[in-house]
Every structure is written in structure tokens, then in C-alpha cells.
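Below, each chain spelled out in residue letters.
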Amino acid sequence: MSPPRCARCAAAAALRRPRTGQPLCRLCFVGAFEEETLRAVAAGRPTLSPGTTVAVAASGGKDSSVLSHVLARLSGRLGLRLLLLSVDEGISGYRDASLAAVRRHRGHLPLLLVSHEGLYGWSMDRVAAGLPRGGHCTVSMKPPRNRQKATGSSMEAAGSHTEGSRSSTEGSRRPQGLARPVASAEAAPLPAVPRCKPLRHAYEKEIVLYAHFEGLDYVSTECVYAPQAYRGHARTLLKELEATRASAVAALGHSGRFLAVREQVATKALRACSQCGFAASQPLCKACVLLASLERGLPRLALGK
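These numbers come from a predicted model, not from an experiment.

**Student:** So what exactly am I meant to see when it comes to the overall build of the protein here?
**Tutor:** A tally of regular secondary structure across the protein gives 11 helices and 9 strands. Residue burial in the protein is summarised as follows: out of 305 residues, 41% are buried. Taking contacts inside the protein between residues at least 6 apart in sequence as the whole, the part at least 24 apart equals 71%. If you sum the accessible surface of the protein, you get close to 17,000 Å²; carbon and sulfur atoms cover 54% of it.

In C-alpha cells:
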């Protein structure tokens, strides 16, 4: 039996695309992936103007490596200036290797590296030492108010959130009653760096295939704290659902994007954190509450009631 032919150019197919089932050759798959990323950028941020600086979140993993590679290739067509933004949380045995991968393969892109130790005086290892088992993966520390000044006044942040990672978030929020729309950067009354998700259409399998065909090197080591995180249960459930129904992950991600809350339902209004000035639903944002608790030697108070 002869091998299947590419559905676009009739060359020998190199894969059957997980998302559509189409047989494609390597070049056509790479081209389709990049064109879809280009459309995702245009649809997600239609007002993105030429000359805007886009900070690409770079962790050294497969998702961020693919994102930075694709955006660098498309930057000429988009008219954007790119820089890589990496965060060193201070996780020994994990973050050092991934940051080394970012430095090795950043090419001509400038790199901005910030650390929890430098910003807050606390590494994640120090924070984790005083938290309940699994609690450290619920921590969200925000950079200080002047983060935008450090990278330019006209800046967007591009995250490597894929269809799977978005669905994992929805899957872990819904059982906890946390599935709710978040105010966009445009609608928020507080200073914020707008964000876009160019890979929100992509399946994890296609991310891996693109990285393979483009010869991208990335770190696949799991964070030492990941096995204790609640979202791991949601990810396992999603994989089981996907094995039963291939479109389950895409359907969950799609429903999350169109989630709405009725007007008569009471929701918390965003305000400015009295300590750092960032958006919060309480007088203090969660990051400032945690930092205050750490300074007092009572980090558990910041994670429970």
C-alpha cells in the first residue's frame, strides 16, 4: 500500500494532523501551524499596532520555545518588536536548566530576566518550605507596579497558553466554583499590560510535532512541585476525556472563552491594591497578602481562611 499523500501539495505525507485528521507533509504542516498562529494573533489582539513591543513569556519548555520561534518568524509580517521575558522563581534543580535553554536558543532576541528573590526577597524554595503540601503551586506573585516601565511603555505580553493548558485551567476551576470571566486589560480601570495567547488554538501533540520538525531544543523536566498541584488532577481527567472523545479538550476551551455571568449575579469589582496598586478584589491583592504573611512567619494564613 502506498503511503498517504499530503492533502495540500500531494507530496508524501509525514503525519496525520491530530487536530483535523488531514495527512500533511512537513512543510505544509509547519505552514498551516504558522498561518493559524498569525490568525490567532490578529483575532486576539485586533488593535495590535506595528512597532509594538511584545514580551514573550519564555520558560525554556516546549510551549514557550515554539511560541518564541513562531513569533520571531512572523514578526516581520506583524511589524512587532520581540523580547523574551523569563522569570526565575528560585526552584533548585529545575529552573536553572530551563533558563540555560532559553539563553542558548534566544537567537537575536533580547532577554529580560527577573527573579522572585530580586523582586520580593523570597525564592519559591523558601516560600514552599513554609507552606502546606501542594500549596506553593497556588501562589501567584505579581511584579511591582513599574514592570511596564522596565520593558517599554507600549508593550504586550504573549503567553504560551495552548488549548490544553487553557482547558486544564477551566477543568481545575469549575469543580471549585471558580469558572468566571476575568476583566480584560482593555476594560480594567487599573494599569495593566495587555496579554495575548497566540497558541490558544494549538493541541499539545501539534506543539510537539512542530518543535520536532523545526529542530527546536527544549527542556521537558517537570517542576519539582508540579506533582503536588491540584491542576494535575484536571490534566489527568482531560487526557482520559480526550482518549474517549478527541474534541473534548477543544470543546472545553471553546466553552471557557464564551463563559458569561448573568448581570443579576453578584460579582466582585476590581480595585487597586492599597500596597502595590495592581488589580485586586480585596484591599490587598493575594501577592501582597502572601508577602506580608511570609514576613510575619505565617504563610499558611495567606492560603486559607
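**Student:** Looking at this structure, I do not really get the packing of helix 9 (residues 231-244) against helix 10 (residues 248-257). What am I missing?
**Tutor:** Any two packed helices are characterised by how steeply their axes cross, that is the angle between the axes, and by the distance between the axes. Contact geometry for helix 9 and helix 10: axes closest at 8 Å, N-to-C directions at 120°. Overall, the two elements helix 9 and helix 10 adopt an arrangement that is oblique. Where helix 9 approaches helix 10, its residues Leu238, Leu241 and Glu242 are matched on the opposing element by Ala248, Val249 and Leu252. Split into classes, the residues belonging to the contact of helix 9 with helix 10 amount to 5 nonpolar, no polar and 1 charged.

**Student:** What am I meant to see in the packing of helix 2 (residues 62-78) against helix 8 (residues 204-213) here?
**Tutor:** Between helix 2 and helix 8, whose axes approach to 10 Å, the crossing angle comes to 60°. Regarding the angle of helix 2 to helix 8, the classification is oblique. By crossing handedness, the relation of helix 2 to helix 8 is classed as left-handed. Judged by residue contacts, Lys62, Asp63, Val66, His69, Val70 and Arg73 of helix 2 engage Glu204, Ile207, Val208, Tyr210 and Ala211 from helix 8.

**Student:** So what exactly am I meant to see when it comes to the pattern of salt bridges here?
**Tutor:** Proximity of charged atoms lets side chains of opposite charge pair with each other. Enumeration over the complete set of coordinates arrives at 9 salt bridges. With its nearest N and O atoms 2.8 Å apart, the salt bridge here joins glutamate 34 to arginine 73. Separated by 39 residues along the polypeptide, glutamate 34 in helix 1 (residues 26-44) and arginine 73 in helix 2 bring together distant segments of the chain. Take arginine 73: its relative accessible area is 41%, and that puts it in the partly exposed class. A salt bridge links arginine 73 to glutamate 214, with the nearest nitrogen and oxygen atoms 2.8 Å apart. Linking arginine 73 in helix 2 with glutamate 214 in the loop between helix 8 and helix 9, this pair joins segments that are 141 residues apart in sequence. Looking at glutamate 214, the relative accessible area reads 18%, which means it is buried. Linked by salt bridges that have partners in common, Arg26, Glu34, Arg73 and Glu214 make up one network.

**Student:** Is there a simple way to think about the nonpolar core in this case?
**Tutor:** Side chains that are nonpolar tend, in soluble globular proteins, to be buried together. One finds Phe29, Phe33, Val56, Val66, Leu82, Leu199 and Tyr210 to be the most contacted residues of the largest nonpolar core, which totals 32 residues. In this structure, phenylalanine 33 is in contact with Val66, Val70, Leu199, His201, Ala202, Glu206, Ile207 and Tyr210, ignoring residues within four places of it in sequence. Tyr94, Tyr120, Met124 and Leu294 belong to the second largest nonpolar core, which has 12 residues in total.

Thresholds, definitions, all that
Residues numbered from 1 in each chain as written. Predicted model: local features only at pLDDT ≥ 70, side-chain atom pairs only at ≥ 80, totals over all residues. Heavy atoms only, no water. Helix = DSSP H or I, 4+ residues; strand = E, 2+ residues; numbered from the N terminus. Buried < 20%, exposed > 50% of the residue type's maximum accessible area, 1.4 Å probe, protein only. Contact = heavy atoms within 4.5 Å. Areas by Shrake-Rupley, 256 points an atom, 1.4 Å probe, with all protein chains shown as cover. Axes fitted to C-alpha atoms, helices over the stretch in contact; angles between N-to-C directions. Parallel < 35°, antiparallel > 145°, perpendicular 65-115°, else oblique. Nonpolar A, V, L, I, M, F, W, Y, C, P; charged D, E, K, R; others polar. Left-handed = near helix turned anticlockwise from the far one by under 90°. Salt bridge = Lys/Arg side-chain N within 4 Å of Asp/Glu carboxyl O. Core = buried A, V, L, I, M, F, W, Y, C linked by side-chain atoms within 4.5 Å.

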